[in-house]
Amino acid sequence: MSADYDCIIVGAGAGRTIVAALLAEAGKRVLLVERGREMSYARDGRRDHLRNQRLSSHGHNAGPDVDGNPRVFVAQDGTEHIVRPHEPGYHNNAAAVGSGTVVYGAQAWRFLPDDFRMASRYGVPQGSSLTDWPIGYADLAPFYEQAEQQIGAAGDSLGNRQQGPRGADYPMPPVAQHHSAATLQRGAAALGMNSFTPPLLINTIPHAGRAACIGCGSCVGFPCPSNAKNGTQNTMLPRALATGNCELLPNTMVTSIDTDASGKVTGVTLLADEDGTPQRRGVTADAVVVSGGAIESARLLLLSRSARHPDGLGNANGQVGRHLQGHYYPSIYGWFDQDVHDDDGPGVTIATTDFNHGNDGIIGGGMLADDFIMLPAIFRKTALPPDLPRWGQPAKDFMRDGYRRVLSIKGPVHEIPSPDARVSLDSRVTDRFGLPVARLSGTTHPETVQTARFMFERARDWMTASGATRVWGREPGLQLSAGQHQAGTCRMGDRPEASVTDQWGRVWGHDNLFVCDASLHPTNGGFNPVLTIMALAFRNGAHLASQL
Amino acid sequence: MTSQANLATPTLRAVIGRIIPADQDPGALDLGADNYVIARLLENEPLSQSIQHGLVQLDTAAHRRFGSAFNQLPPSEQDKLITLDQHTKWFAALAELTAEGFYADPANGGNRDALSWRMIGYEHRLPDGPNGPMPKADYER
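Just so you know, these numbers come straight off a predicted model, no measurement behind them.

About the criteria used
Residues numbered from 1 in each chain as written. Chains lettered and ligands numbered in written order. Predicted model: local features only at pLDDT ≥ 70, side-chain atom pairs only at ≥ 80, totals over all residues. Helix = DSSP H or I, 4+ residues; strand = E, 2+ residues; numbered from the N terminus. Rg over C-alpha atoms; globule rule 2.2 N^0.38 Å. Contact = placed C-beta atoms within 7 Å. Pairing = 2+ DSSP bridges. Axes fitted to C-alpha atoms, helices over the stretch in contact; angles between N-to-C directions. Core = buried A, V, L, I, M, F, W, Y, C linked by C-beta atoms within 7 Å. Buried ≥ 20, exposed ≤ 12 C-beta atoms within 10 Å, placed from the backbone. Parallel < 35°, antiparallel > 145°, perpendicular 65-115°, else oblique. Left-handed = near helix turned anticlockwise from the far one by under 90°. Nonpolar A, V, L, I, M, F, W, Y, C, P; charged D, E, K, R; others polar.

Here's the deal with the overall build of chain B
Check the secondary structure of chain B and you find 9 helices and 0 strands. Along chain B, helices and strands appear, N-terminal first, in the series α-α-α-α-α-α-α-α-α. Over its C-alpha trace chain B gives a radius of gyration of 16 Å, about what one expects of a compact globule, namely 14 Å for 141 residues. The principal-axis extents of the C-alpha atoms in chain B amount to approximately 55 × 35 × 25 Å. Counted over contacts in chain B with a minimum sequence separation of 6, partners at least 24 positions apart contribute 62%.

What follows is the structure, given as structure tokens:
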């Protein structure tokens with residue numbers, strides 16, 4: 001009997017929508033299932049500064065729903081906390097069609113060649129699971145180019161002196177640099193640092209039938225008012241749907257990956273929540289691609305237990321859910337005695353990659369850049385010096401005088417993973433459908449904290465050299481790291497004992513089960529990971545299309 | 001359960017008025033941040049209880065030290081009393097809520113006409129106004 005679909009893709013985010021387009025364009029029948037809903041600016045563009053993916057004090061705007069989708073977070077002292085999606089410790093990634101790409105800032109970094117060979121370059125610290133990728137920069141470079149060209153990146157093609165070889169220039173010129181970049185450029189020059197305009201997946205000129213960025217400065221956390229921010233929902237998804245071969249099913253959970261008596265993957269079980277009554281049904285396919293983000297992808301593999309796979313699919317060696325990582329973001333703030341900030345969005349206009357590698361006594365490093373425009377409520381919550389009272393005339397004076405005089409430098413640190421930072425299934429807490437929820441426990445490896453402190457000092461040096469008269473920030477400490485850059489829980493590798501998939505994202509022991517999201521990243525680079533997720537999807541999607 | 005009437009006391013408003021005082025620019029009470037705070041507290045009973053308890057103690061201290069209710073004191077004496085409590089959990093939470101309302105988007109109810117944004121020099125640059133597109137019902141929330 002023939003299957004309902006050639007391929008079912010679970011999750012409609014950064015990577016999987018690309019795979020859907022490639023398969024559908026190759027004539028394959030694709031079902032794209034997403035537990036979240038479709039978001040648009042007209043319907044979901046409301047700028048609620050307290051309930052969004054960037055600042056979720058009292059709720060958020062992209063899914064999952066605040067009620068019925070808890071996780072368990074285990075703190076370092078062993079206490080367990082049941083957390084809701086907008087609360088600290090949940091490590092949420094947007095659940096929506098397009099996922100984080102609808103509400104992201106869209107930095108479009110390629111990892112550097114050495115990011116793919118961390119263990120070879122630095123050795124493996126005791127207790128860490130630092131490892132090389134099973135592929136190198138050269139394997140991914142053509143697919144980085146496809147992502148830049150087909151999703152739509154704007155950047156300075158020659159600016160980054162540390163970057164690996166590139167075949168083509170960015171299709172659009174970089175964002176304009178403003179007041180803040182000129183200030184920080186002086187500091188970079190004084191320190192002999194190479195600085196340049198960071199690449200963004202944002203239309204700096206009209207592109208692909210959509211408008212240019214209008215500079216609103218509220219990219220992060222919200223859908224774009226001019227549809228100039230390039231996510232997968234406005235690039236690859238329309239391509240997939242235009243073929244007529246791809247069916248999109250939003251508002252639908254996949255509760256398990258199904259197998260037959262021989263252990264072969266046959267399809268998935270869907271759960272849709274129409275009119276408040278959960279409807280469960282099975283669909284079959286020749287292949288299944290799991291793309292729910294590093295936490296939910298691991299959870300789904302673990303939930304897919306059977307007599308033959310008592311610990312979940314792909315988990316015969318206990319690797320599923322381990323090595324959970326994200327990015328530390330050491331952040332420095334500096335006060336200048338004149339206005340240095342203007343609120344032309346997106347805001348990130350200057351970066352350096354001089355400290356990603358080659359730091360004495362330090363494993364790896366990270367990129368540093370100025371920040372996206374901080375909304376006033378975010379500025380108030382994060383940018384005030386630690387010794388400033390949070391009330392009264394001094395706090396008001398600081399906000400009034402400081403909003404345009406404070407700059408921030410921050411950046412993602414390449415984490416040194418620990419096998420103990422992990423996603424498992426909680427044995428007691430269930431979601432609204434009665435399924436065990438993700439339980440997050442452990443911390444990154446302590447070496448990550450060393451690197452983060454080193455980067456904190458480099459950010460401080462840069463801010464000081466730029467003329468800040470006062471500099472402050474919070475020194476990084478040991479913690480679990482995941483968040484919107486969550487990665488690592490189904491790592492790819494060369495050996496089944498130490499990884500979950502092969503280099504194509506194929507789950508060991510299952511010819512027709514694939515993972516395609518940042519779960520695959522053995523390490524997560526010292527950069528925003530989305531372009532790497534996209535490049536891997538272009539590579540692995542083309543491979544899968546040739547196999548089906 | 002705490003009601004709006006329990007919460008909306010002269011002491012609460014006086015404290016909120018000192019968290020972001022009026023000067024040449026509007027303060028928290030001028031822009032409606034007190035209404036924002038009350039709305040949030042009605043959603044959070046434990047925090048509401050803790051803040052009400054803190055306010056009662058603050059008022060007691062006002063009577064003991066200055067012989068008057070907190071809200072009747074001149075600002076300098078109100079600030080002296082708040083300074084003694086500024087590191088308590090209840091006051092830190094109240095200061096945070098007040099600032100949220102005052103600096104957030106106007107539709108949250110504590111930043112009338114986006115006047116705090118004008119004060120600090122933030123421009124939203126959105127085609128549809130400071131809140132982006134939103135149904136009218138949301139404005140009236």
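There's more to say after this.
Concerning the sheet that holds strand E4 (residues 80–83) of chain A
Residue and element names in this part refer to chain A. Reading across the sheet, the 4 strands line up as E4-E3-E14-E13 and stay open at both edges, with mixed pairing between neighbours. Both outer strands of the open sheet, E4 and strand E13 (422–430), are each paired with one neighbouring strand and no more. The sheet shows a mean angle of 35° between the axes of neighbouring strands, taken without regard to direction. Both strand E3 (residues 71–74) and strand E14 (residues 436–441) contribute to a ladder of 2 bridges, which runs parallel. Looking at E14, one finds that Val-72 is bridged to Arg-439. The strands that helix H8 (residues 293–303) touches are E13 and E14; relative to E13, the one it contacts most, it runs at about 65°.

So, the nonpolar core
Grouped together as the largest cluster of nonpolar side chains are 185 residues, with contacts concentrated most on Val30(A), Val288(A) and Met534(A). Residue contacts for Val288(A): discarding those within four places in its chain leaves Ile8(A), Val10(A), Ile257(A), Val265(A), Gly267(A), Val268(A), Asn512(A) and Leu513(A).

Some points on the sheet that holds strand E12 (residues 406–410) of chain A
Residues and elements named next belong to chain A. The strand order across the open sheet built from 5 strands is E10-E11-E12-E9-E15, with neighbouring strands paired in antiparallel fashion. Edge strands, defined here as strands with exactly one partner in the open sheet, are strand E10 (351–352) and strand E15 (470–472). Two elements, strand E11 (residues 368–370) and E12, share 2 bridges in a ladder whose sense is antiparallel. Of the residues in E12, the one forming a bridge with Asp-370 is Ile-409. Helix-sheet contacts for helix H11 (residues 446–465) involve strand E9 (331–335), E11, E12 and E15, and the interaxial angle to E9 is about 20°.

Brief notes about the packing of helix H5 (residues 45–66) of chain B against helix H6 (residues 75–85) of chain B
All names here are of chain B. Remark: H5 packs on H6, axes separated minimally by 11 Å, with the N-to-C direction vectors making an angle of 130°. Classed by the angle they form, the pair H5 and H6 counts as oblique. The chirality of how H5 crosses H6 is right-handed. Every residue of H6 that contacts H5 at Gly-54, Leu-58, Ala-61, Ala-62 and Phe-66 is listed here: Glu-77, Leu-81 and Asp-85. Residue classes in the contact of H5 with H6 are distributed as 5 nonpolar, 1 polar and 2 charged.

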